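As a plain string of letters, each chain reads:
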Amino acid sequence: MKHFYKKGQDERKPTLLLLHGTGGTENDLLPIAEIIDPTASILGVRGDVSENGMNRYFKRIAEGVFDEEDLLFRTKELSDFLDYAAEQYEFDRNNIVAMGYSNGANIAGSLLFHYKNVLQGAILLHPMVPRRGVDLPLMKNLPVFIGAGKNDPICPAQETEDLAALLSEAGASVQVYWDEQGHQLTRGEIIEAAKWYKRLFK
Ligand code: MLT
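Here is a short report on the structure shown in this document. (Residues numbered from 1 in each chain as written. Predicted model: local features only at pLDDT ≥ 70, side-chain atom pairs only at ≥ 80, totals over all residues. Heavy atoms only, no water.)

1. Observations regarding the overall build of the protein chain
The cut-off we apply is this: Counting from the N terminus, the helices are the DSSP runs of H or I reaching at least four residues and the strands are the DSSP runs of E reaching at least two. Computation of the radius of gyration draws on C-alpha atoms, with the globule rule given as 2.2 Å multiplied by the number of residues to the power 0.38. Partly exposed residues are those whose accessible area sits between 20% and 50% of the maximum for their type, while under 20% is buried and over 50% is exposed, using a 1.4 Å probe and protein chains only. Only heavy atoms matter for contacts: two residues are in contact if any of them lie within 4.5 Å across the pair. Positive charge is attributed to Lys and Arg, negative charge to Asp and Glu, and no charge count is given to His or to the chain ends. A charge is said to be at NZ when it belongs to Lys, at CZ for Arg, at CG for Asp and at CD for Glu.
Within the protein chain, the secondary structure is distributed over five helices and eleven strands. In summary, the protein chain has a C-alpha radius of gyration of 15 Å against a globular reference of 17 Å for 202 residues, a match within 12%. Going through the 202 residues of the protein chain one by one, you find that 54% of them count as buried. Excluding contacts between residues fewer than 6 apart, the proportion of contacts in the protein chain whose partners are at least 24 apart in sequence is 69%. In the protein chain, the 22 positive side-chain charges and the 29 negative ones have mean positions that sit 5 Å from each other.

2. Brief notes about the pattern of salt bridges
Note the threshold: Within this document, salt bridges are pairs made up of a side-chain nitrogen of Lys or Arg and a carboxyl oxygen of Asp or Glu, the two lying within 4 Å of each other.
Per the stated rule, a full pass over the model turns up 16 salt bridges. Of the charged contacts in the structure, one is a salt bridge between glutamate 11 and lysine 7, with a shortest N-O distance of 2.8 Å. Judged by its relative accessible area of 61%, glutamate 11 falls in the exposed class. A network of salt bridges, in which partner residues are shared, links Glu51, Arg60 and Glu63.

3. Comments concerning helix α4 (residues 157–169)
Using the following cut-off: A helix is expected to span 1.5 Å for every residue after the first. Directions from the helix axis toward the C-beta atoms define the arc.
The end-to-end C-alpha distance of α4, which contains 13 residues, comes to 18 Å, matching closely the 18 Å that a straight helix rising 1.5 Å per residue would cover. Taken as a whole, α4 has its buried residues at Glu159, Thr160, Leu163, Ala164 and Leu167. Along α4, the residues classed as buried sweep out an arc of 130° about the axis, all on the same side. Lining the buried residues of α4 we find α3 (103–114), β9 (121–125), β10 (143–149) and β11 (173–179). Phi turns positive one or two residues past the end of α4, at glycine 171, with a value near 110°.

4. With respect to the sheet that holds strand β1 (residues 3–6)
Note the cut-off: At least two DSSP bridges between two strands are needed for those strands to be called paired. Axis definition: a line fit to C-alpha positions, over the contact stretch in the case of helices; interaxial angles, taken between N-to-C directions, run 0 to 180 degrees.
One open sheet holds the seven strands; their spatial order is β1-β3-β2-β8-β9-β10-β11, and the pairing between them is mixed. Pairing within the sheet leaves two strands with one partner each, and these edge strands are β1 and β11. Sheet twist, expressed as the average angle between the axes of neighbouring strands with direction ignored, equals 15°. As judged from the four bridges shared by β1 and strand β3 (residues 41–45), these two strands associate in the antiparallel manner. In the sheet register, histidine 3 faces β3, and the bridge partner there is valine 45. The sheet contacts of helix α2 (residues 68–89) involve β1, β2 (15–19), β3 and β8 (96–101), and relative to β3 the element is tilted by about 140°.

5. Comments concerning the environment of arginine 199
Relative to the helices and strands, arginine 199 resides in helix α5 (residues 187–201). Spatially, the C-alpha atoms of arginine 199 and glycine 171 are 19 Å apart, while their sequence positions differ by 28 residues.

6. Here we look at the environment of isoleucine 35
Tracing the backbone through its elements, the reader meets isoleucine 35 in helix α1 (residues 30–36). Overall, isoleucine 35 belongs to the partly exposed group, its relative accessible area being 44%. Isoleucine 35 sits 159 residues away from alanine 194 along the chain, and the two C-alpha atoms are 6.8 Å apart. Contact partners of isoleucine 35, with chain neighbours within four places excluded, come to Ile190, Ala194 and Lys198.

Put into structure tokens, the structure is as follows:
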């Protein structure tokens, strides 16, 4: 997968896995990663799927309707890529914290839904429920931060509540931050995500 890796100053820190929104690139969340943890290593990965020229991590049938077969295929691809990248760049495979926005948050959620111990934590910014009606792996106290907008037309509030409930039922320790805004990233959620991260990973 197309990506960049930036080695951090502190190797004990998690590697931050950056996953962009539809139409983005692997560099999009870099300024936010610098706020979350300027000393961590960073792995930015570009989605392999093109939707009319816009990069995504998996195909969709319509807005908010995912191509489940492709979702499963791409989730495995990303999981395998993390194994490869950890070996290639010699970072700890068991210490990756994902930060994804929108479509990137959805593939990060899908990693958690389908693979046990795949991440050490996750910052999901405006995520949806990646898949319904499946048993989730045990996520014993896995820290998950969700940033959501009360007026998000793409990820309705119920979607956020369902996702938080499903992850919590699987054992994850979920913190949800609500803003009054829509689908866009807000300063408030980034500040809260940074506080959450500092509390757990510093
Ligand atoms: C998705 O397709 O993953 C969601 O609808 C969010 C987005 O528009 O990327």
